[in-house]
Every structure is written in C-alpha cells, then in structure tokens.
Amino acid sequence: MTVAVETGTWQLDPSASTVAVRHRTFWGLMTVKGTFDAVTGNGEVRPDGSAVGTITLDVASLDTRSAKRDEHLRSADFFDTANHPEITFSVRSAELRDGDAVHVVGQLTVRGVSRPKTFTARLVGVDAEALTLDAEFTVDREQFGMGWNQLGMIRGLTTVAGTLRFTRTATA
C-alpha cells in the first residue's frame, strides 16, 4: 500500500517528538540513556513525493538523569556545547519506498564535523495535516571528535532513536 503525503511545508511538533540516545558503557555493563528536550525542525515535501528538511537538537538540553554526567557530556571531552551548541541533521532526500519505509539520505553535523548518514525510517502515521516518522540509526562518536574513553569504558556505537511528528504548515 502506498501512502500519499501532501506536498508543501511541514513543521516539527516538538511537544509530540522525541530524540533519544543510548550507549553501553562501563565495559558493556551499563547502558546510558538520554533524551534531547529541545528539538526543532522543518521540511518540504516536493511534488515528486521526495522530501528535504532539517532537524536541530539543542545539545545543552540532553538529559541523562545525572546532572554530573550531563555536565561532562556538555564539556570539550564530548559535545563541547560552548563551541558547538547544536547537532543538525540535514535531510538531502527522503523517499517513501515499499509501503511505510522511508529511505533517508542526509548529513549529520556534530561538533562542527559533518558526515553523510543514510538509514531507513518508518512512516507510522499520516493524514492531510500531520505525519509521524520513527527512525533509529547508530553513530560512531569518534568520527565526530568524541574520542574520550577513560580506562576503555566507552566502546562501540551510540544508538540514536527518534519519533518525529510534523504538522502541515498553513498554505496562503
């Protein structure tokens, strides 16, 4: 079943969207989880059905339920929020394929370093006024200059998971 998404501009609804991260630490014995409380974004669905857009995370809004850890994550050891307050994902192309699968090609920028990122999201809800996407992908934090790893405690990839709800922008 192919779902049609209305062409035009769409705005992220931050109150109905979540972006979370999880990473196994302490030699794989513990999983640190966090959410970004400040997420913004917008997009455009083109007449050919493809989409482009941008998602922006306020790095200082990352909450792992540990103030001390959050402070360390904001430091130059990790996100360096003083110099790089935002993480952005620029969607170069998003195309609906095979029912609810959305092939996403974009550019992820963390700490001023941009890397290409491709993944498959799922369109989990759509009508004329709103659409919701679920996405999950992994990131190698060392590719973005976050190599801090005291005593080898932090290994492997970080998983990023998001549920993003967009509402259609009123047309003139």
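Keep in mind the model is a prediction, meaning the values are calculated, not measured.

Novice: Mind showing me how you'd approach the pairing of strand E10 (residues 130-139) here?
Specialist: Here is the key point about a regular strand: its side chains alternate between the two faces of the sheet. Within E10, 7 of the 10 residues are buried, which leaves the element mostly enclosed by the surrounding structure. Where strand E9 (residues 113-126) and E10 come together, 4 bridges link them in antiparallel fashion. By the bridge assignment, Val126 is partnered in E10 with Leu131. In sequence, E9 turns back onto E10 through a hairpin of 3 residues. In this sheet, strand E11 (residues 158-168) lies alongside E10 in antiparallel orientation, the contact comprising 10 bridges. Among the inter-strand pairings, Ala135 is bridged to a residue of E11, identified as Gly162.

Novice: Help me understand the packing of aromatic side chains in this model?
Specialist: When we look at a pair of aromatic rings, we describe it by the centre distance and by the angle of the planes. In this structure the tally under the stated criterion is 3 aromatic pairs. When the centroid spacing of 5.6 Å and the interplanar angle of 50° are considered together, the rings of Phe89 and Phe119 count as tilted. Here the residue Phe89 occupies a position in strand E7 (residues 86-97), and Phe119 occupies one in strand E9, the gap between them amounting to 30 residues. As far as the burial class goes, Phe89 and Phe119 line up, both buried. Here the aromatic cluster, defined as three or more aromatic residues joined through ring pairs, consists of Phe89, Phe119 and Phe137.

Novice: Mind showing me how you'd approach the pattern of salt bridges here?
Specialist: Two side chains of opposite charge can pair, provided their charged atoms sit close to one another. Following the criterion strictly, the structure yields 4 salt bridges and no others. For Arg122, the salt bridge goes to Asp134, with nearest N and O atoms at 4.0 Å. A residue pair is termed long-range when its members are at least 10 positions apart, and Arg122 in strand E9 and Asp134 in strand E10 qualify at 12 residues. A relative accessible area of 41% means that Arg122 is categorised as partly exposed.

Novice: Would you take a moment to explain the environment of Asp140 for this structure?
Specialist: Its location among the elements puts Asp140 in the loop between E10 and E11. Each C-alpha atom, one on Asp140 and one on Thr158, is 6.4 Å from the other, the two residues being 18 residues apart in sequence. Side-chain polar atoms of Asp140 contact the backbone nitrogen of Glu142, separated by 3.0 Å.

Novice: I'm lost on the environment of Arg65 in this one. Help?
Specialist: Within the secondary structure layout, Arg65 lies in the loop between strand E6 (62-63) and helix H1 (67-74). Separated by 32 residues in sequence, Arg65 and Lys33 place their C-alpha atoms 8.4 Å apart.

Novice: What should I look at first to understand the nonpolar core in this one?
Specialist: A general tendency of soluble globular proteins is for nonpolar side chains to be buried together. Counting residues in hydrophobic clusters, the biggest one holds 36 residues, and the most contacted among them are Phe36, Phe79, Ile87, Val104, Leu108 and Phe166. Top contributing element to this core by residue count: E10, with 5 residues.

Novice: I keep staring at the pairing of strand E2 (residues 18-25) and nothing clicks. Help me out?
Specialist: Where burial is concerned, the two faces of E2 differ: the one with Val19, Val21, His23 and Thr25 is buried and the one with Thr18, Ala20, Arg22 and Arg24 is not. With 7 bridges connecting them, E2 and strand E3 (residues 30-36) associate as antiparallel partners. Residue pairing for E3: His23 is matched across the bridge by Val32.

Cut-offs applied
Residues numbered from 1 in each chain as written. Predicted model: local features only at pLDDT ≥ 70, side-chain atom pairs only at ≥ 80, totals over all residues. Heavy atoms only, no water. Buried < 20%, exposed > 50% of the residue type's maximum accessible area, 1.4 Å probe, protein only. Helix = DSSP H or I, 4+ residues; strand = E, 2+ residues; numbered from the N terminus. Pairing = 2+ DSSP bridges. Phe/Tyr/Trp six-rings, centres within 6.5 Å; stacked < 30°, edge-to-face > 60°. Salt bridge = Lys/Arg side-chain N within 4 Å of Asp/Glu carboxyl O. Polar contact = N/O pair within 3.5 Å; in protein donor to acceptor, adjacent residues only side chain to side chain. Core = buried A, V, L, I, M, F, W, Y, C linked by side-chain atoms within 4.5 Å.

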